[in-house]
Amino acid sequence: MSDEPIAHFEAASTIAVVVSSNEPLLFLSADQRVIAASTSFCRAFEIEPATIPGRPLAELGAGEWALPGLASLLRTTASGSARIEAYEIDLERPERETRRLIVNARTLDDGDSARVRLLMAVTDVTDMRAEARLKDDLVREKAILIQEVQHRVANSLQIIASVLMQSARGVQSEEARGHLQNAHHRVMSIASVQRQLSSAKAGKVELRTYFTQLSESLGASMIADPARLSIAVTVDESSVEADVSISLGLIVTELVINALKHAFPDQAQGRIGIDFHSAGKDWTLCVSDDGVGLPTGEAAPKPGLGTGIVDALARNLDGEIEVSDAHPGTVITIRHRAGARRPASRPAAE
Amino acid sequence: MLNGKSVVLIVEDSPIIRMSAVDLMESAGYVALEADCADEAIRLLESRNDIDLVFTDVQMPGTMDGIKLSHYIRDRWPPVKLVVASGKAILEEGSLPLGSQFFPKPYDGHAIADAIGRLLAEEAH
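Residues numbered from 1 in each chain as written. Chains lettered and ligands numbered in written order. Predicted model: local features only at pLDDT ≥ 70, side-chain atom pairs only at ≥ 80, totals over all residues.

As annotated in an unreviewed UniProt entry, chain B is CheY-like chemotaxis protein from Ancylobacter vacuolatus.

An unreviewed UniProt entry lists chain A under the name histidine kinase, from Ancylobacter vacuolatus. What UniProt records for chain A under Catalytic activity (unreviewed entry) is the sentence "ATP + protein L-histidine = ADP + protein N-phospho-L-histidine." (UniProt positions renumbered as here; feature names shortened; annotations may be inferred.)

This brings us to the overall build of chain A. Secondary structure assignment for chain A yields 9 helices and 12 strands. Across the 350 residues in chain A, those meeting the buried criterion constitute 28%. Taking as baseline every contact in chain A between residues at least 6 positions apart, the subset at least 24 positions apart corresponds to 56%. (Helix = DSSP H or I, 4+ residues; strand = E, 2+ residues; numbered from the N terminus. Buried ≥ 20, exposed ≤ 12 C-beta atoms within 10 Å, placed from the backbone. Contact = placed C-beta atoms within 7 Å.)

What follows concerns the overall build of chain B. Across its full length, chain B carries 4 helices and 5 strands. Each helix (α) and strand (β) of chain B, taken in turn from the N terminus, gives the series β-α-β-α-β-α-β-β-α. Of all 125 residues assigned to chain B, the portion counted as buried reaches 41%. In chain B, the share of contacts with a sequence separation of at least 24, taken over all contacts with a separation of at least 6, comes to 58%.

For the rest of this paragraph, the subject is the packing of helix H6 (residues 174-198) of chain A against helix H8 (residues 242-262) of chain A. Geometry of a packed helix pair, given as the angle between the helix axes and the separation of the axes. Residue and element names in this part refer to chain A. The interhelical angle for the contact between H6 and H8, taken along N-to-C directions, is 145°, at an axis separation of 9 Å. Classified by chirality, the crossing of H8 by H6 is right-handed. Note on element contacts: H8 touches H6 through Ala 242, Ser 245, Ile 246, Gly 249, Leu 250, Thr 253 and Ile 257, opposite Asn 182, His 185, Arg 186, Ser 189, Ile 190, Ser 192, Val 193 and Leu 197. In terms of residue class, the contact of H6 with H8 is made up of 7 nonpolar, 7 polar and 1 charged. (Axes fitted to C-alpha atoms, helices over the stretch in contact; angles between N-to-C directions. Left-handed = near helix turned anticlockwise from the far one by under 90°. Nonpolar A, V, L, I, M, F, W, Y, C, P; charged D, E, K, R; others polar.)

Residues and elements named next belong to chain B. Two elements, strand S1 (residues 7-11) and strand S2 (residues 31-35), share 5 bridges in a ladder whose sense is parallel. Bridge pairing in S2 places Val 7 opposite Val 31. Taking the sense of rotation as the criterion, the β-α-β connection linking S1, helix H1 (residues 15-27) and S2 turns out right-handed. (Pairing = 2+ DSSP bridges. Right-handed = clockwise from strand over helix to strand, strands pointing away.)

To continue, consider the nonpolar core. Counting 74 residues, the largest nonpolar core has A:Ile251, A:Val252, B:Val8, B:Leu9, B:Ile10, B:Ala41 and B:Val54 as its most contacted members. With 8 residues, the top contributor of residues to this core is H8(A). The residues contacting B:Val54, other than those within four sequence positions of it, are B:Leu9, B:Val11, B:Ala41, B:Ile73, B:Val80 and B:Leu82. Of all hydrophobic cores here, the second largest spans 25 residues; its members include A:Val34, A:Phe41, A:Leu67 and A:Leu118. (Core = buried A, V, L, I, M, F, W, Y, C linked by C-beta atoms within 7 Å.)

Let us now look at the interface of chain B and chain A. Taken together, the contact between chain B and chain A spans 20 residues of the former and 23 residues of the latter. Of all elements in the fold, only H1 and helix H4 (109-124) of chain B reach the threshold of two or more residues within the side of chain B that touches chain A. Among the elements that make up the side of chain B that touches chain A, the one with the highest residue count is H1(B) (7 residues). Residues of the side of chain B that touches chain A, tallied by class, amount to 9 nonpolar, 7 polar and 4 charged.

Structural remark: α-helix, 3.6 residues per turn; residues separated by three or four positions point the same way. Residues and elements named next belong to chain A. By the burial criterion, the buried members of helix H4 (residues 68-78) are Leu 70, Leu 74 and Thr 77. Mapping the buried residues of H4 onto a view down its axis gives an arc of 60°, with all of them on the same face. Away from the buried face of H4 by more than 90 degrees, exposed residues Pro 68, Gly 69 and Ser 72 are located. Those residues of H4 that are buried are in contact with strand S1 (25-29), strand S3 (84-91), strand S4 (99-107) and strand S5 (117-124). Gly 80 sits one or two residues past H4 and shows a positive phi near 85°. (Arc of directions from axis to C-beta.)

On to the UniProt feature "modified residue: 4-aspartylphosphate" (unreviewed entry) in chain B, then. Residues and elements named next belong to chain B. Per the UniProt record, "modified residue: 4-aspartylphosphate" (unreviewed entry) is found at Asp 57. Within the element layout of this structure, Asp 57 appears in strand S3 (residues 53-57). On the neighbour-count criterion, Asp 57 (26 C-beta atoms within 10 Å) is buried. Here Asp 57 is in contact with Val 11, Glu 12, Asp 13, Gly 66, Ala 85 and Ser 86, once residues within four sequence places are set aside.

Backbone hydrogen bonds are what pair the strands of a sheet, in a parallel or an antiparallel way. Residues and elements named next belong to chain A. An order of S2-S1-S5-S4-S3 is seen for the 5 strands of this open sheet, with the pairing classed as antiparallel. In this open sheet, the two strands that pair with only one neighbour each are strand S2 (34-37) and S3. Going across the sheet, the axis of each strand differs from the next one's by a mean of 25°, ignoring polarity. Both S1 and S5 contribute to a ladder of 5 bridges, which runs antiparallel. Paired with Leu 25 across the strands is Ala 121, a residue of S5. Its contacts with the sheet place H4 against S1, S3, S4 and S5, and it is angled at close to 15° to S4.

Residue and element names in this part refer to chain A. Examined bridge by bridge, S3 and S4 share 6 bridges and lie antiparallel to one another. What sits directly across from Glu 88, in S4, is Ile 102. Relative to S5, S4 runs antiparallel, the two sharing 7 bridges. Considered in S5, the bridge of Ala 105 is made with Met 120.

Right, dumping it as structure tokens:
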């Protein structure tokens, strides 16, 4: 018996379709002889096309396709009781790297029910799997690295905070102590962002949590009697980029420190409000107090370090500062309007 | 207690942070002892019986980190109070012994002093 009779019965178009398949494909008889193989199959698994027709699958190449599990599954597929979907095999060849293959097989449905033939598609996923593993490793490594960096940053900030804290306790001058304490608050304000970021998704900082933490930390260190002075945070669902949040946090820190220091010289009670809301790219930040209000005329203090920082940061965020009297107290509003840049930040030619 | 003052042991490998913590504890009116690693802390705990509270960092060189140290202390000296600080923002829940207090770094000195004050006050009851 030669191989010819088998091939003879197949429609030339069927054979042509199999041979030209982009995906490695075998066309098998029910007894697992190869009727035709795609060129892509021959190329991928280094088998001479001329040797293929009529040969049993188990004898292809150097016999590397003689896999009992695969043969048994093809048998059940041929009998119609199963269909191979994504069956994984390891193809081992001498002096070749083992390839991980995914096999899909089904009977050919061409209306000829008397003669069963099988289509077996083979996908080599070795490289894909290796890539996926590499990617997983990289993702894991990156997570570890980020954790390590965050830990280091937190420790470095702790060192700075410790130095400032200790210096503040050590100095005699009330003014110097105030400056050192403020510096300490600023460091803590940046540290809160860092902490927020470590639990945030995609580098965005959720402002409500951040401002709440910030106000708690400022309150804990600056408010001696929480029954007298309080800080209320009203923030919508806004999340902003990390660098924007650092600027906003520092602005809030400065304004709250200012209010705590100057707004309530002898009030029985006082309340500071931190308010932020956004619509699209526009946002508004308000820090208000119900204290003594703005000093006027000669009594107005020169703008200190605090307002200088607020000015610079607000400008950097393309925000406009408005200071108004709230009767009682003061409201400082910083408004950012998308596209509306302050002329001062983009000096035009005269 | 030593001469009516609570004794706080600070375990921290960074000398600057440790110095500042010692200063913080002393200005709060406590006696401050220092150790730069868990092994040194255990030596101190073994050599004296007046330590009321241990304030420890987590990441430290040596055979034990701060989490292991806090468990070791809880098992061996159950009455000693524990305060743990770490640069890792989120510690796995339940990784610290019951009753210990955790602070992310950088911590605020006032917050730490308040927490320690509260823990030590519990002891009086």
